[in-house]
Amino acid sequence: FLLAQVYKTEGNIEGVAREIAEMKRIAPGNPDVNRMELALMDRTNNLEAAREAYARLPEGTVPERLSKARNAAAINVWDEAIRVLTDGLRETPGESKLTQLLAQVYLAQNKPEEAKRVVNEAVAIHGTDEELQLFKRVLEAGSPEAIAEIQRSVVDETPDETLRALRRARRRGRQRRRPPQA
């Protein structure tokens with residue numbers, strides 16, 4: 001997988017195609033491989049093949065729907081990502097991961113009110129779901145500083161000492177990777 005990513009970065013389309021073929025042989029149905037294959041088809045303007053490959057992806061379970069919607073988003077087929085996720089939410093109303101991904105799709109399309117609507121609907125169904133509550137707080141935060149404060153409070157409120165230390169280390173790592181603010 002890493003070699004395919006290196007080839008992709010270098011613009012070596014043939015190398016990417018070879019690696020994808022090998023990965024499909026070793027791990028058929030792997031969502032990451034499917035996503036990379038669809039992105040390659042999109043990049044090489046093989047749109048018909050991309051549509052056919054996408055149509056064959058399953059969407060019967062929550063993980064399959066998440067994967068299929070991520071694949072649609074990867075090739076900028078936003079309406080299809082929304083369809084897959086809203087169909088999933090009809091079957092499992094308020095499901096946390098489906099809700100969060102649908103909200104992210106809406107945010108990617110600059111539709112923050114739609115994102116807030118789906119998160120609020122899910123919170124109304126599953127009010128005690130901590131992930132949804134946190135996602136709602138982040139959506140309502142309004143500024144990077146407010147989001148950072150929410151993230152700090154989540155880390156500080158973690159009761160398990162080992163998990164709290166791990167989360168602090170991850171935050172420090174993310175902060176080091178951020179480009180300096182101008």
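Located above this text is the structure these notes cover.
For the structure given in this document, a descriptive report is provided here. Keep in mind the model is a prediction, meaning the values are calculated, not measured.

**Things to note about the environment of glycine 94**
Alright, step 1. Within the element layout of this structure, glycine 94 appears in the loop between α6 (78-91) and α7 (96-108).
Alright, step 2. For glycine 94, a relative accessible area of 7% gives the class buried.
Alright, step 3. Ignoring any residue separated from it by four or fewer positions in sequence, one finds glycine 94 in contact with Leu89, Thr99, Ala122, Ile125, His126 and Leu132.

**Points about helix α10 (residues 144-156)**
Alright, step 1. The terminal C-alpha atoms of α10 lie 18 Å apart, and with 13 residues this matches the ideal 18 Å at 1.5 Å per residue to within 8%.
Alright, step 2. Along α10, the positions that sit buried rather than exposed are Ile150, Ser153 and Val155.

**Thoughts on the packing of α7 against helix α9 (residues 130-141)**
Alright, step 1. Two elements in contact, α7 and α9, have axes separated by 10 Å at closest approach and are oriented at 15°. Relative to α9, the element α7 is oriented roughly parallel. Our pair here, α7 against α9, has a crossing hand that is left-handed. Note on element contacts: α9 touches α7 through Glu131, Leu132, Phe135 and Leu139, opposite Ser96, Lys97, Thr99, Gln100, Ala103, Gln104 and Leu107.
Alright, step 2. For the contact of α7 with α9, the class distribution of residues is five nonpolar, four polar and two charged.

**Observations concerning α9**
Alright, step 1. The end-to-end C-alpha separation of α9 is 16 Å, in line with the 16 Å expected for 12 residues at 1.5 Å each.
Alright, step 2. Within α9, the full set of buried residues consists of Leu132, Phe135 and Leu139. Down the axis of α9, the sector holding all buried residues measures 60°, keeping them to one side.
Alright, step 3. Buried residues belonging to α9 abut α7 and α8 (112-125).
Alright, step 4. The opening residue of α9, the one whose side-chain oxygen lies 2.9 Å from the backbone nitrogen of glutamate 131, is aspartate 129.
Alright, step 5. At the C-terminal side of α9, glycine 142 shows a positive phi close to 90°.

**Re the packing of helix α1 (residues 2-10) against helix α2 (residues 13-26)**
Alright, step 1. Here α1 crosses α2 at 160°, and the two axes come no closer than 8 Å. Between α1 and α2, the interaxial angle falls into the category roughly antiparallel. The handedness of the crossing between α1 and α2 is left-handed. Contacts between α1 and α2 involve Leu3, Ala4, Tyr7 and Lys8 on the former and, on the latter, Gly15, Val16, Arg18, Glu19 and Met23.

About the thresholds
- Residues numbered from 1 in each chain as written.
- Predicted model: local features only at pLDDT ≥ 70, side-chain atom pairs only at ≥ 80, totals over all residues.
- Heavy atoms only, no water.
- Helix = DSSP H or I, 4+ residues; strand = E, 2+ residues; numbered from the N terminus.
- Buried < 20%, exposed > 50% of the residue type's maximum accessible area, 1.4 Å probe, protein only.
- Contact = heavy atoms within 4.5 Å.
- Expected span 1.5 Å × (residues − 1).
- Axes fitted to C-alpha atoms, helices over the stretch in contact; angles between N-to-C directions.
- Parallel < 35°, antiparallel > 145°, perpendicular 65-115°, else oblique.
- Left-handed = near helix turned anticlockwise from the far one by under 90°.
- Nonpolar A, V, L, I, M, F, W, Y, C, P; charged D, E, K, R; others polar.
- Arc of directions from axis to C-beta.
- Polar contact = N/O pair within 3.5 Å; in protein donor to acceptor, adjacent residues only side chain to side chain.

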